Amino acid sequence: MKEIEVAKKIGKELTAEDVIPVAAKALGCKPAMVGEWRVVRRSVDARQDVLYRYRIACVRQGEAFDEYKLDEYQDVTNAEPVIVVGSGPAGMFAALKLLTKGLKPIILERGKDVHKRKFDMAVLSKEGVVNPDSNYCFGEGGAGTFSDGKLFTRSSKRGDIREVLHQLVNFGADPDILISAHPHIGSDKLPVVVENIRKCIIEHGGEYHFDSRVTDIVPKPEGGYSIHCGSTVYESRKVILATGHSARDIYELFVSRGWAVEAKGFALGVRVEHPQWLINKIQYHGKYQPFMPTAEYAFVTQIEGRGVFSFCMCPGGILVPSATAPGELVLNGMSNSARNSKWANAGVVVSVEPEDLPSYEKFGPLASLEFQKDVERAMFNYTGTLQAPAQRMMDFCRRIPSSNLPATSYHPGAANAPLHELLPENVSLRLKYAFPWVGNKLMHGYYTNDALLLGVESRTSSPVRLPRDPETLEHVSLPGLYPCGEGAGYAGGIVSSALDGINCAAKI
């Protein structure tokens, strides 16, 4: 088998005539001897003409591809149970892996199933009422279900990404995610995929228990754990803890029990919303056509010793409230599969390390978490509602009030505010220098007063780590308990979380 690269203008179909001559040269044979060929990767190149660049695998006639095959699920109705706390990507993929190994996953989810969850999110957006257990962060599928379903990751060392992508396709995702350089599923399509995963787990003998928030973890003298969900208790020898980055009560439980917890760096900043037509114009150098993929962007830089970078970019998306408790204000972005709204949004955030927070040292391992809480409360207190404090981009950088605000996709609305003063100074000053730099060096037109900054984007990753043994993946204080995914501080995004779940299940 050989791999070749072929370019084709977007909007023009890739044909055998484009592929066969190049394949024949690579295989060292005549064109008539070229057998099967298939696209293994596709990316957009807009540097000159707007092209798709294809990586194509090809073989000679009579040769075959090695097909990727998923392991078979076993009937685990009467098998040994493993408790999985959380049904986000880490928990779901851990449970699927357990099925292939003949172990019974018992999934405890504090929130509701993916369809009932939508009603609570609607109430949150329209009425400003937060259900602490069912919202954009908590519930079946986790935070990623309603944030575009981006599947791009650089975590290839964590495991075989194909397992995650093929599982998603197996449960209803578009097979296009197997070849796209920046795959995504879309917040309108992911609920069906998540529901299909649940059905599979139950059909093979696993269990789901919704509205089951873990209130206590009790090690048993003979080994194993009792997991308390209010008055209901579940027991197993092994526990996978995949609670997500916003399960603050779990961190507080660990601290109260004297179990090992570490403060961890995270990132905090704003959501930036541009007109999508402007991002299309910038990224396609004025050559955008409606049949082309909606343009996205990403950047990273260093300013005064800290990273400043874009996060969770949602082309053709909208902004949503992601608070998990009353009295706090958090924003996130989401896109449906068509990515066809008139706005583009992204988090633009600054790395915050524990050593940047000397006044929070008294909180010990929860220092970063308490800082995160305080910023979210300050944003809420400015408006007293889920209206987001907002400022035009150039006004923010010039440190002047905005006379008015552009329209926004954020349903609770934006409130004109001195966001440059509301943000912590170590964040605000770095953003002040970052936005002009992006506009001057990377994306001409990005730095504009037509862009709106809204606060705050603070749930980029967990501000806490639950330390684990690097070989066994068990918590260093709790044998048989496996901290997993974003909530444990070992992943960032759907794919890396899923891989971490797979790895923890494999260790069990």
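Structural data are supplied above this passage.
Residues numbered from 1 in each chain as written. Predicted model: local features only at pLDDT ≥ 70, side-chain atom pairs only at ≥ 80, totals over all residues. Heavy atoms only, no water.

**What to know about the overall build of the protein chain**
Short version of the rule: Numbering of helices and strands runs from the N terminus, with a helix taken as a DSSP run of H or I at least four residues long and a strand as a DSSP run of E at least two residues long. Using C-alpha atoms as the atom set, the radius of gyration is obtained and then compared with a globule rule of 2.2 Å times the number of residues to the power 0.38. When accessible area is computed with a 1.4 Å probe and restricted to protein chains, residues below 20% of their type maximum are described as buried, those above 50% as exposed, and intermediate ones as partly exposed. Whether two residues are in contact is decided by their heavy atoms, any of which lying within 4.5 Å being enough. Each accessible area is a Shrake-Rupley estimate made with a 1.4 Å probe; only the visible protein chains count as cover when residues are assessed.
Along the protein chain, the regular secondary structure elements total 13 helices and 22 strands. In summary, the protein chain has a C-alpha radius of gyration of 24 Å against a globular reference of 23 Å for 508 residues, a match within 12%. The proportion of buried residues among the 508 residues of the protein chain is 57%. In the protein chain, 72% of the contacts between residues at least 6 apart in sequence involve partners at least 24 apart. Put simply, the protein chain shows about 21200 Å² of open surface, and 49% of that area lies on carbon and sulfur atoms.

**Details of the sheet that holds strand 17 (residues 343-352)**
This is how the line gets drawn: Between any two strands, pairing holds if DSSP finds at least two bridges. Every axis corresponds to a line fitted to the C-alpha atoms, with the helix fit spanning only the stretch in contact, and the corresponding angles, defined between N-to-C directions, vary from 0 to 180 degrees.
Read across the open sheet, the 7 strands follow the order 13-14-17-12-20-18-19; overall the sheet is mixed. Looking at strand neighbours, the two that pair on one side only are strand 13 (300-303) and strand 19 (414-416), the edges of this open sheet. The sheet shows a mean angle of 35 degrees between the axes of neighbouring strands, direction not considered. Note that strand 12 (residues 266-275) and strand 20 (residues 452-457) share 4 bridges and pair antiparallel. Pairing of Arg 271 across the sheet is with Leu 454, part of strand 20. Contacting strand 12 and strand 17, helix 7 (residues 276-283) crosses the sheet at an angle of about 95 degrees to strand 12.

**With respect to the sheet that holds strand 7 (residues 216-219)**
Here we have 3 strands laid out as an open sheet, ordered 7-8-9, and antiparallel in their pairing. The open sheet has two edge strands, strand 7 and strand 9 (232-236), and neither has a second partner. The mean inter-strand angle of the sheet, taken between neighbouring strand axes irrespective of direction, is 20 degrees. With 4 bridges connecting them, strand 7 and strand 8 (residues 225-229) associate as antiparallel partners. Looking across to strand 8, one finds that Pro 219 is bridged to Tyr 225.

**Regarding helix 8 (residues 367-383)**
For the record, the criterion: By definition here, a helix of n residues has an expected span of 1.5 Å times n minus one.
Between the first and last C-alpha of helix 8 there are 26 Å, a value that for 17 residues agrees with the 24 Å anticipated at 1.5 Å per step. If you check which residues of helix 8 are buried, you get Ala 367, Ser 368, Leu 369, Glu 370, Phe 371, Gln 372, Lys 373, Val 375, Glu 376, Met 379, Phe 380 and Thr 383.

**Re the pattern of salt bridges**
Pairing is possible between side chains of opposite charge, provided their charged atoms come close. For the record, the criterion: Salt bridges are defined by distance alone: a side-chain nitrogen of Lys or Arg within 4 Å of a carboxyl oxygen of Asp or Glu.
Summed over the entire model, instances satisfying the criterion amount to 32 salt bridges. A salt bridge links Lys 373 to Glu 370, with the nearest nitrogen and oxygen atoms 3.4 Å apart. With Lys 373 and Glu 370 both in helix 8 and 3 residues apart, the pair spans about one turn of that helix. A relative accessible area of 13% means that Glu 370 is categorised as buried.

**Re the packing of aromatic side chains**
Put simply, the rule reads: Classification of ring pairs rests on two measures: the distance between centres of Phe, Tyr or Trp rings, Trp counted by its six-membered ring, which must be within 6.5 Å, and the angle between planes, read as stacked under 30 degrees, edge-to-face over 60 and tilted in between.
Under the definition given, this model contains 13 aromatic pairs. The interplanar angle of 80 degrees and the centroid separation of 5.2 Å between the aromatic rings of Tyr 297 and Tyr 446 together place this pair among those described as edge-to-face. Of this pair, Tyr 297 sits in the loop between helix 7 and strand 13 while Tyr 446 sits in the loop between helix 11 (425-442) and strand 20, and the two are 149 residues apart along the sequence. Here Tyr 297 and Tyr 446 have matching classes, each one buried. By way of ring pairs, the aromatic residues Phe 266, Tyr 360, Phe 363 and Phe 371 are connected into one cluster.

**Considering the environment of Asp 120**
How we decide: Nitrogen and oxygen atoms within 3.5 Å of one another constitute a polar contact, given that in protein one can donate a hydrogen and the other can accept it, and given that sequence-neighbouring residues count only through two side-chain atoms.
Structurally, the position occupied by Asp 120 is in helix 3 (residues 114-127). For the pair Asp 120 and Arg 339, spaced 219 residues apart in sequence, the C-alpha separation works out to 23 Å. A polar contact of 2.7 Å, which involves the side chain of Asp 120, links it to the side chain of Ser 134.

**As for the side chain of Ser 125**
Turning to its location among the elements, Ser 125 is positioned in helix 3. Taking relative accessible area as the criterion, Ser 125 reaches 12% and is therefore assigned buried. If we ignore the near neighbours within four places in the chain, the residues touching Ser 125 are Tyr 136, Pro 321, His 411 and Pro 412.

**Section: the pairing of strand 4 (residues 81-85)**
Applied cut-off: Note on handedness: a crossover is taken as right-handed if, strands pointing away from the viewer, the path from the first strand over the helix to the second is clockwise.
For strand 4, the buried fraction is high: 4 of the 5 residues fall into the buried class. Bridge count between strand 4 and strand 5 (residues 104-108): 5 bridges; the pairing is parallel. Residue Ile 83 lies in a different strand from strand 5, and its bridge partner there is Ile 106. Regarding topology, helix 2 (residues 89-100) serves as the crossover connection from strand 4 to the parallel strand 5, and that connection is right-handed. Of the pairings in the sheet, the one linking strand 4 to strand 10 (residues 239-241) comprises 3 bridges and is parallel in character. Its bridge partner lying in strand 10, Ile 83 is registered against Val 239.

**Topic: unusual backbone geometry**
The omega angle of the peptide bond from Gly 455 to Val 456 is 10 degrees, so this bond is cis rather than trans. Counting through the fold element by element, Val 456 comes out in strand 20. Positive phi values are uncommon outside glycine, yet His 285 reaches one of about 55 degrees. Counting through the fold element by element, His 285 comes out in the loop between helix 7 and strand 13. Judged by its relative accessible area of 51%, His 285 is exposed. Positive phi is not limited to glycine here, since Leu 473 has a value of about 65 degrees. Inspection of the secondary structure assignment puts Leu 473 in the loop between strand 21 (464-465) and strand 22 (481-483). On the basis of relative accessible area, Leu 473 is assigned to the buried category, the value being 10%.

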